[in-house]
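In case you want the letters, here they are:
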Amino acid sequence: MEESRRTATEALVSIVASSGTHCLTAEAHVITFTDVDMEVQHPDHSKPLYVAAQINDVHIRRALVDTSASLNLIPTSTLKATGIPLSRIARALMEVFGFAGIHECTIGSIQLILKVGPIVSLTRFHVIDSPVSYYALLRRPWLHKHKLMPSTYHQCIKGRFNGKPIRIPDNPTPFDLSEAHYFEPTFYDELTPSGEDSTLRPVGIPLPSWQDIEHNSEIDMSDDPSIQRPTLVNATLPPLEKAQLISLLKEYIDVFAWEYHEMPGLDPNLVAHALNVEPGAKPVVQPMQTFHPDVKALIIQEVQKLLTAGFIKPIMHPKWLSNIVLVKKKNGQIRCCVDFRNLNKACLKDEFSLPNMDMLIDSVVGHAMFSFMDGFSGYNQIRMSSKDAAKTAFRTLIGNFYYTSCPSVSRMSEPHIKGL
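My aim in this report is to walk through the structure given alongside it, one point at a time. (Residues numbered from 1 in each chain as written. Predicted model: local features only at pLDDT ≥ 70, side-chain atom pairs only at ≥ 80, totals over all residues. Heavy atoms only, no water.)

## Details of the overall build of the chain
A tally of regular secondary structure across the chain gives nine helices and 23 strands. In the chain, the share of contacts with a sequence separation of at least 24, taken over all contacts with a separation of at least 6, comes to 63%. Accessible surface computed for the chain: about 25800 Å², of which carbon and sulfur atoms make up 57%. (Helix = DSSP H or I, 4+ residues; strand = E, 2+ residues; numbered from the N terminus. Contact = heavy atoms within 4.5 Å. Areas by Shrake-Rupley, 256 points an atom, 1.4 Å probe, with all protein chains shown as cover.)

## Structural notes on the side chain of Lys158
Looking at where Lys158 falls in the secondary structure, it is placed in strand 12 (residues 156–161). In this structure the side chain of Lys158 is engaged in a polar contact, spanning 2.7 Å, whose partner is the backbone oxygen of Thr32. A polar contact of 3.2 Å, which involves the side chain of Lys158, links it to the side chain of Asp37. Each residue touching Lys158, except ones within four places of it in the same chain, is listed here: Ile31, Thr32, Phe33, Asp37, Leu148, Met149, Ile166 and Arg167. (Polar contact = N/O pair within 3.5 Å; in protein donor to acceptor, adjacent residues only side chain to side chain.)

## Observations regarding the nonpolar core
Ranked by internal contacts, the top residues of the largest apolar core, which has 28 residues, are Ile312, Phe394 and Tyr403. Mapped by element, the contributors of at least two residues to this core are helix 6 (293–309), strand 20 (334–338), helix 7 (341–346) and strand 23 (399–403). The element that contributes the greatest number of residues to this core is helix 6, accounting for four residues. Not counting chain neighbours up to four residues away, the residues in contact with Ile312 comprise Val303, Leu306, Leu307, Phe394, Phe401, Tyr402, Tyr403 and Thr404. Formed by 27 residues, the second largest nonpolar core is a distinct cluster that contains Ile74, Ile84, Ile110 and Tyr135. (Core = buried A, V, L, I, M, F, W, Y, C linked by side-chain atoms within 4.5 Å. Buried < 20%, exposed > 50% of the residue type's maximum accessible area, 1.4 Å probe, protein only.)

## Overview of the pattern of salt bridges
When their charged atoms lie close together, side chains carrying opposite charge are able to pair. Per the stated rule, a full pass over the model turns up eight salt bridges. Residues Lys158 and Asp37 are paired through a salt bridge, measuring 3.2 Å at the closest nitrogen-oxygen approach. Residue Lys158 is found in strand 12, and its partner Asp37 is found in the loop between strand 2 (29–33) and strand 3 (49–55); the two are separated by 121 residues along the sequence. In this structure, Lys158 and Asp37 share a single accessibility class: buried. Salt-bridge contacts for Lys250 lead to Asp223; the nearest nitrogen and oxygen are separated by 3.9 Å. In this pair, Lys250 is assigned in helix 5 (residues 239–251) and Asp223 in the loop between strand 15 (216–220) and strand 16 (230–234), connecting sequence segments 27 residues apart. Overall, the relative accessible area of 33% leaves Lys250 in the partly exposed class. Linked through salt bridges whose partners overlap, the residues forming this network are Asp37, Lys158 and Arg167. (Salt bridge = Lys/Arg side-chain N within 4 Å of Asp/Glu carboxyl O.)

## Topic: helix 6
Counted at 1.5 Å a residue, the expected span for helix 6 with its 17 residues is 24 Å, and the 25 Å between its end C-alpha atoms agrees. Val295, Ile299, Glu302, Val303 and Leu306 are the residues of helix 6 that are buried. All buried residues of helix 6 lie within an arc of 100 degrees about the axis, which places them on one face of the element. Those residues of helix 6 that are exposed and aimed more than 90 degrees away from the buried face are Pro293, Asp294, Ala297 and Thr308. On its buried side, helix 6 packs onto strand 18 (312–314), strand 19 (322–328), strand 20, strand 22 (394–396) and strand 23. Downstream of helix 6 by one or two residues, Gly310 has phi in the positive range, about 85 degrees. (Expected span 1.5 Å × (residues − 1). Arc of directions from axis to C-beta.)

## Some words on unusual backbone geometry
Within the chain, Asn162 stands out as a residue other than glycine whose phi angle is a positive 55 degrees. On the basis of relative accessible area, Asn162 is assigned to the exposed category, the value being 68%. The phi torsion at His317 lies on the positive side, around 55 degrees, for a residue other than glycine.

## Things to note about the sheet that holds strand 12
Read from one edge of the open sheet, three strands run 11-12-13, paired in antiparallel fashion. Edge positions in the open sheet fall to strand 11 (149–151) and strand 13 (164–169), since each of these has one partner strand only. Neighbouring strand axes in the sheet, compared pairwise and without regard to direction, differ in orientation by 20 degrees on average. One ladder, built from three bridges, connects strand 11 with strand 12; its direction is antiparallel. Bridging across to strand 12, Ser151 finds its partner in Cys156. (Pairing = 2+ DSSP bridges. Axes fitted to C-alpha atoms, helices over the stretch in contact; angles between N-to-C directions.)

## Description of the side chain of His146
Following the sequence through the fold, His146 ends up in the loop between helix 3 (140–145) and strand 11. A residue is classified by how much of its surface remains accessible, and His146, at 16% relative accessible area, is buried. Those residues within four positions of His146 in sequence are excluded, and the remaining contacts are Ile119, Ser121 and Arg160.

## Let's talk about the sheet that holds strand 19
With mixed pairing, the five strands of this open sheet are ordered in space as 18-23-22-19-20. In this open sheet, the two edge strands, each paired with only one partner strand, are strand 18 and strand 20. Adjacent strand axes in the sheet meet at a mean angle of 45 degrees, parallel and antiparallel pairs treated alike. The pairing of strand 22 with strand 23 spans three bridges and is antiparallel. The residue bridging Thr396 from the neighbouring strand is Gly399, located in strand 23.

Laid out in structure tokens, this is it:
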């Protein structure tokens, strides 16, 4: 199959090459640059490839695309023009070489949300404090990350985005009359009139601050006055957006759960949570603890809720046995957790870390809205592996029980959560 694909690709390249078309290939996708792609009238031009971009919600008209080096560069003047504080720079010196071997040191690096054409991503730039003709320099890290192919001859970038071919043209007027002293403007027939800013803020609704986001209003999603279905919606939403959001939530109310019995759980044949207990680990039975009479009723009530929902079952003669731990929530209520520290210590650690903040931000950029919806009961829908369920046994005032479904985040610590 792979050989046939390679043969077909080579045949296509041969056909295109014989027709006088310039052709480049990437990942079995044929990317061609033809005369139709030419953004200039004179084929003997010497123009560098400048594209329009957006950094920190600010438009810049001069991002230079260059394949000659492996660092994306940005001058401090661009950071100041886009309102980005220099304190965000991670200080780390690096020596870079320019034209004729001239070298200088960067003052650090910074990660910025960059938008070029339809592509929005978190991009790392190395910062220089020097007068340069560009606002940002995009080099191989950015091109390779998005599998793009530039052509300075055709003055455009081509590639694929979300499975579809894309074409990003150059900015035909990257300089204005006040910048005519640079060398590059001599390659351009037209210059933007002086006085027009190179960085222009887009017109749009600014994102609210975190102080505004954290203020929520409670709404009831239930149409039955006798049943309460409370949820939180941001209080700063415009009335129309708030009404549309509430309507959407009510339309799909069947996918939400307010009680344990409303979560049927996932088929164990599809997914089950197993504990990677180290072979030879000695089971631990924690000594019994006593509780204040005022909280005994709360413990019994929580155990009965889990028992009714089928999340726990009674067990006799467990080898592993943990105690209940009471944790006071911010709203003053008491949460019943289980002390699985001994069990966690016996489990082999998963060295694959959870996604860091950079990856999380990179996955949400380019979207108009971000939901802070809490899936706090999601783990209860994953069943425990039958061979490990007994290890989750815990002691209560009315007997010993074990989990048939995965304990939630509040009951099981990080090593088990990573395993999901």
